[in-house]
Structure formats: structure tokens, C-alpha cells
Amino acid sequence: MSALWSVGAGLLLLLLWVRHRGLEAVLVHHRWVFVCFFLLPLSILFDIYYQLRAWAVWRLHSAPRQHAQRVRHIQEQVREWKKEGSKRYMCTGRPGWLTVSLRVGKYKKTHKNIMINLMDVLEVDSERQVVRVEPLVSMGQLTAYLNPMGWTIPVVPELDDLTVGGLIMGTGIESSSHIYGLFQHICVAYELVLADGSLVRCSPTENSDLFYAVPWSCGTLGFLVAAEIKMIPAKKYVKIHYKPVRGLQKICEKFTEESKKKENNFVEGLMYSLDEAVIMTGVLTDEAEQSKINRIGNYYKPWFFKHVEKYLKADRTGVEYIPSRHYYHRHTRSIFWELQDIIPFGNNPVFRYLFGWMVPPKISLLKLTQGEAIRKLYEQHHVVQDMLVPIKSLEKSIQTFHVDLNVYPIWLCPFILPNNPGMVHPKGNETELYVDIGAYGEPKSKQFEARASMRQMEKFVRSVHGFQMLYADCYMTREEFWDMFDGSLYHKLREEMNCKDAFPEVYDKICKAARH
């Protein structure tokens, strides 16, 4: 009883303090208070609900039966929109705050919202080595479903809450992408409801133009209702080699060298300054030295990027065996390194042991509760950007990131980019090795100004025939956007499928210049 009185008294004091300071002041200057006392417990409840729901669907085998009915409901909504005169563009009815993108989707308020409640794994085909899923299936949900069966997918993008639909309509990458490409390249078929309400399936051999145009289209060609994704056999561990490297030229040379080795199942780099990095390579294995197993995903373990930094500070190489699912989601608990700006003491051992089991807060809840003051603060003094550039331009790209942003750590992830049709492909006619340079945090560059600095970055990326991930803030003009991306197939299909009255152009949906 005394413990309850203590908790009650503590909460009362907290509420009085919040009232005294003002809610907005607390949310802006002491955000960790709100996150720790409200969002972390709420995130746990969210996870429990979705896990129980997924378990019930699996036990009842209800997903395949209900899928066809749900798709028909989507078709009915589209046909109803047509009957109403097609007066507004359509978009998914999923609230903007539920997406992982930090962008605020204002179009949701003016467009016709089509409700799409598709969040289940439909079928695992072991013979074809393909899993068929609905678009709102998350990466955490999918690996939890497949791994006990002995399967995984070749590219498992980092964060648990990333969805299949978002990774197809936008894009996704992982440290295995130097072998398999982007998330779209491990997909073998899509099913979509089009602007006329019809249901179509597309693959490299069936409606192939649509198949290649869907990735990066951000839902402006149709509503994704299912996807078929390649599977590969899962193994128990990833054997990781950590190698500190100093000197920018040596970092780029070592990273490029390891990225070209197909025997590396995984390649990743973390840069902690302009001339300091740790290059990691990994190999899937079922055998492990017990003394070197590191279950990095356990709630009390150090955040992964901090763990990696120890090898740099000690200037030593190392080898560890990380359980596969822990490896796939190694950056989830700290949201890469974004959580250190929200909960500054989050990696403290005391906090990890007492409260680490509640981390991380849901990104969707962080968005929902951020308020206009925090949103503007983040927009002007915070960057979350992934730029995809040819690996031959890596050194020059990192120097540009340093001058324009000066944000560290920087994430380096190589990927192979095939010369397929669609919005994103190499400049030449051959497959080319690219690298994702990820910058997440507060820029330390003295001349940083959000719009001007990002436009400078975008100009550089266009100059080296690179691409900007579309989940982030984009400041390009329409002409600049279509100089970066190949819109020939996309525009052709929008014309042929009567999309112009049904969906906004992708530029109008995602670029700040079009939305303001």
C-alpha cells in the first residue's frame, strides 16, 4: 500500500510541475518526461494488442479467408468514389501519424480516405520459397512469424514498425542489400486495386510495366493489397567482424572492398567522425562460440551503435555471434541513435535494467504527440535523410555531408542497383553498386539552414546520379525531382490507367515545395 501511495504522490507532483511549467514547455524542453511516463507505457499496450491480434489470427487461420472480403470492401469504396463523381483524389485512410515517415501528410484531410485494414501474413509457400503478405505487415511481425519456421526474407529493413507497403511504395534497405538489392528487388509480385476498382496482379512476367512502376510511387498508381516476397532459409546467428578504420580514404576503400565480396552476407559502416569509422561484415551461421554470443537485442544490453563505438575507442577488432533476429533489429531499440536526443540517459545501465524493456517508444506515438512547436523545431534543427549514391562517389559524398550537415554517427549501407525499368535505376545500362548514406540527428554545421542546406545536398546527389529516399523532407522543384528520378514509365502508366484524376502525382504528395 505504501508503494502505491508513493507512486500516487509522485504522479501528483509530476502533474503539478507540468501545470506550473506549462504542457508545451515540458514537451519541448523536457520531452523525456512525457515519453518515459506516458509514451513508453502506451507503446507497450500497443505492442501487446498487436501481438495478441497476430496470435489470434494465426491460431484461427482467419487471414486468408478474410483477405478476399477486405479487398472487396476496398473495391466497393473505390467504386463509390467514382459514383460520387471522382471529385477528390484518393488516398489510404490510415492516419498520417501511424506512418514511420516524419513527414506530416496534410493531404489526408482533403483527399477521399479509402480504409485499408490489411495487416496479416497470408501464406508461406515453402516450395516456391515465397511469403504472401498484406501491406500493413511490419518487419517485426514478419520475422517473428517466419523465423520459427526456419525462414527469413533476404532484406529485413531495420526498424520493427516498418511495413511491407511502405517499403514497396517507398523503399527499404538492409546490410544484405549489396547482394539482394533494395526491398523492391526481393518482391516477386504485387496485387493492387486500381482507380477503376479492378483488382490486378503484376509480376516481371504479368503486367510487367506496372510491376516495375509501383516501387517509389507512394501509392499514386493504385492501392497495394498484397505482395509476394522471396524467402531464404534462416540461420541461428550472424557472425560479425568489427574493424575500426581511420582516415576517410581508407574508410571508403575498406567499405567498398568489403561491399564487393559476395561471401559477406552483411556489410555495414558506422562513421563517428569524418575520419573514424567501424566497418562491420557478417556471415550467417548455425554454429557459434558460446563465449562470444552477444544477445544484443535484450532490453538491458547497450544500444548497438554505442556497443560498436567501443571497438573504435579501444582501437581493436572483434568477433561476435549475434542471434539472427537480434541482428535484423539491432538498431530498433535506439531508433538508430535518435532516441539519445529524446531520452538522453536512455543508454545508462540503470535506466536500461529498470525501464529498457519498454524501449523504444512507438514512432507513431512520438509523431502524434509532438505538437506544432516540436515539429517546427525538428524541421529547422534536425535532419533525417537517406541519400543513395554510387559507391564510386562515396568519399566525395561524405565530405559533402560533413560540410553541409556535420551529423554523426553516419550510417553506411551498400546495395546493388539493377538496371530495371522504373523510377530508380543506374545512369548507365548496367547494374551498379550504390551506398545509402544515412544522416539522423542535429546538424553541427554552423551554416546549416534546413531549406538551403537540404537543397544544396539534393543538388549534389543529382550531380552524382543519386537518389533521395522519399520518406524524408524533400525541397526540390518539380523539374529537379524528375531530373533525379526517371518518370517515363510512371507517367505513361498514370495516363493509361486514368490515375490523374484518382491520385496525386508522387511529387505533389511528398515534396515540400508542392505542399506549401
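Residues numbered from 1 in each chain as written. Predicted model: local features only at pLDDT ≥ 70, side-chain atom pairs only at ≥ 80, totals over all residues. Heavy atoms only, no water.

### Focus on the side chain of Asp-386
Applied cut-off: Helix and strand assignments follow DSSP, with helices taken as H or I runs no shorter than four residues and strands as E runs no shorter than two, numbered in order from the N terminus. Whenever two N or O atoms come within 3.5 Å, that pair is a polar contact, provided that in protein one can donate a hydrogen and the other can accept it, and provided that, for residues adjacent in sequence, both atoms are side-chain atoms. Contacts between residues were defined by any pair of non-hydrogen atoms, one from each residue, lying within 4.5 Å.
Along the chain, the position of Asp-386 falls in strand β14 (residues 383-390). Reaching out from Asp-386, the side chain makes a polar contact with the side chain of Tyr-471 at a distance of 2.4 Å. For Asp-386, the contacting residues outside a window of four places in its chain are Trp-411, Asp-436, Ile-437, Gly-438, Tyr-440, Phe-467, Gln-468, Met-469 and Tyr-471.

### What to know about the sheet that holds strand β7 (residues 199-202)
Rules: Paired strands are those between which DSSP finds at least two bridges. Fitted lines through C-alpha atoms serve as axes, helices being fitted only where they are in contact, and the angles separating the N-to-C directions of these axes extend from 0 to 180 degrees.
The strand order across the open sheet built from five strands is β3-β4-β8-β6-β7, with neighbouring strands paired in antiparallel fashion. Strands at the two margins of the open sheet, each flanked by one partner only, are β3 (121-125) and β7. Across the sheet, the mean angle separating the axes of adjacent strands is 15° when strand polarity is ignored. Of the strand pairs in this sheet, β3 and strand β4 (residues 130-133) are connected by four bridges, and their pairing is antiparallel. Along β4, the bridge assignment pairs Val-121 with Val-133.

### Examining the pattern of salt bridges
For clarity, the cut-off: Counted as salt bridges are all cases of a side-chain nitrogen of Lys or Arg within 4 Å of a carboxyl oxygen of Asp or Glu. Only protein chains enter the accessibility calculation, which uses a 1.4 Å probe. A residue is then buried if its area is under 20% of the maximum for its type, exposed if over 50%, and partly exposed in between.
All chains considered together, the criterion is met by 27 salt bridges. Ionic pairing is found between Lys-362 and Asp-47, a salt bridge with its closest N-O pair at 2.6 Å. In this pair, Lys-362 is assigned in the loop between α13 (349-355) and α14 (363-368) and Asp-47 in helix α3 (residues 31-60), connecting sequence segments 315 residues apart. Accessibility expressed as a relative area gives 11% for Lys-362, which makes it buried. For Lys-500, the salt bridge goes to Glu-495, with nearest N and O atoms at 2.8 Å. For Glu-495, a relative accessible area of 48% puts it in the partly exposed group. One connected set of salt bridges, linked through shared partners, spans Arg-128, Arg-201, Glu-206 and Glu-228.

### Some thoughts on the UniProt feature "transmembrane region" (unreviewed entry) in the protein chain
This is how it is decided: UniProt positions are given in the numbering used here, feature names are shortened, and annotations may be inferred rather than shown by experiment.
According to UniProt, the "transmembrane region" (unreviewed entry) feature falls on residues 32-50. Each end of residues 32-50 is marked by a C-alpha atom, and these two atoms are 25 Å apart; helix forms 100% of the span and strand 0%.

### Let's talk about the packing of helix α16 (residues 394-404) against helix α17 (residues 450-463)
Rules: Roughly parallel means an angle under 35 degrees; roughly antiparallel, over 145; roughly perpendicular, 65 to 115; everything else is oblique. Ten residues, namely Ala, Val, Leu, Ile, Met, Phe, Trp, Tyr, Cys and Pro, are considered nonpolar, four, namely Asp, Glu, Lys and Arg, are considered charged, and the remaining ones, Gly among them, are considered polar.
Between α16 and α17, whose axes approach to 10 Å, the crossing angle comes to 170°. Taken together, the axis directions place α16 and α17 in an arrangement best described as roughly antiparallel. Listed contacts from α17 to Lys-396, Ser-397, Thr-400, Phe-401 and Asp-404 of α16 are Ser-453, Gln-456, Met-457 and Phe-460. Split by residue class, the contact of α16 with α17 holds three nonpolar, four polar and two charged.

### Considerations on the pairing of β7
As a general feature of sheets, a regular strand has side chains that alternate between the two faces. Burial along β7 is one-sided: the residues Val-200 and Cys-202 are buried and none of Leu-199 and Arg-201 is. Where strand β6 (residues 187-193) lies against β7, four bridges are found, and the strand directions are antiparallel. From the neighbouring strand, Leu-192 faces β7, where its bridge partner is Val-200. Count of turn residues in the β6/β7 antiparallel hairpin: five residues, of which Gly-197 carries a positive phi of about 90°.

### Section: the nonpolar core
What counts is decided by this rule: Think of a nonpolar core as a cluster: buried Ala, Val, Leu, Ile, Met, Phe, Trp, Tyr and Cys residues, connected wherever their side-chain atoms sit within 4.5 Å. What fixes the domain bounds is an automatic or database domain assignment.
Formed by 150 residues in total, the largest nonpolar core has its most connected members in Ile-153, Phe-183, Tyr-190, Leu-192, Leu-210, Phe-481 and Phe-485. Ranked by residue count, the leading element in this core is strand β15 (residues 410-417), at seven residues. The residue makeup of this core includes at least three contributed by each of domain 1 (1-59) and domain 2 (62-233). Not counting residues within four places of it along the chain, the set of residues in contact with Tyr-190 comprises Ile-168, Gln-184, Val-200, Arg-201, Cys-202, Phe-211, Val-214, Pro-215, Leu-224, Ala-226 and Ala-227.

### Some thoughts on the side chain of Glu-191
With respect to the element layout, Glu-191 can be found in strand β6. Here Glu-191 falls in the buried class, since its relative accessible area comes to 10%. Of note is the side chain of Glu-191, whose polar atom sits 2.9 Å from the side chain of Arg-132. With sequence-adjacent residues up to four places away left out, Glu-191 is seen in contact with His-67, Arg-132, Val-200, Arg-201, Phe-223, Leu-224, Val-225, Ala-226 and Glu-228.

### Overview of the sheet that holds strand β10 (residues 237-246)
Taken in spatial order, the eight strands of this open sheet run β13-β10-β12-β11-β15-β16-β14-β17, and their pairing is antiparallel. One side of each edge strand has no neighbouring strand; the edge strands of this open sheet are β13 (318-323) and β17 (467-468). Of the strand pairs in this sheet, β10 and β13 are connected by six bridges, and their pairing is antiparallel. From the neighbouring strand, Lys-239 faces β13, where its bridge partner is Tyr-321. Docked against the sheet, α17 engages β14 and β17, running at close to 15° with respect to β14.

### Looking at the packing of aromatic side chains
As a reminder of what qualifies: For this analysis, a ring pair means two rings from Phe, Tyr or Trp (six-membered ring only for Trp) whose centres lie within 6.5 Å, classed as stacked if their planes differ by under 30 degrees, edge-to-face if by over 60, and tilted for the remaining angles. Lysine and arginine charges are scored as sitting over a ring when NZ or CZ, respectively, is within 6 Å of the ring centre and within 35 degrees of the ring normal.
In total, this model carries 24 aromatic pairs according to the counting rule given. Summarising the aromatic geometry, the rings of Phe-266 and Tyr-327 are spaced 4.8 Å apart at their centres and angled 55° between planes, so their arrangement reads as tilted. Of this pair, Phe-266 sits in strand β11 (residues 266-273) while Tyr-327 sits in helix α11 (residues 324-328), and the two are 61 residues apart along the sequence. Residues Phe-266 and Tyr-327 agree in their burial class; the two are buried. Here a set of aromatic residues connected by ring pairs shows up, and it is made of Trp-216, Phe-415, Tyr-434, Phe-467, Phe-481, Trp-482, Phe-485, Tyr-490 and Tyr-507. Above the plane of the ring of Tyr-327 lies Arg-330, whose end atom (NZ or CZ) is 4.0 Å from the centre.

### Here we look at the pairing of β10
As defined by bridge partners, β10 adjoins strand β12 (residues 276-285) across 10 bridges and the pair is classed as antiparallel. Pairing of Arg-246 across the sheet is with Glu-276, part of β12.

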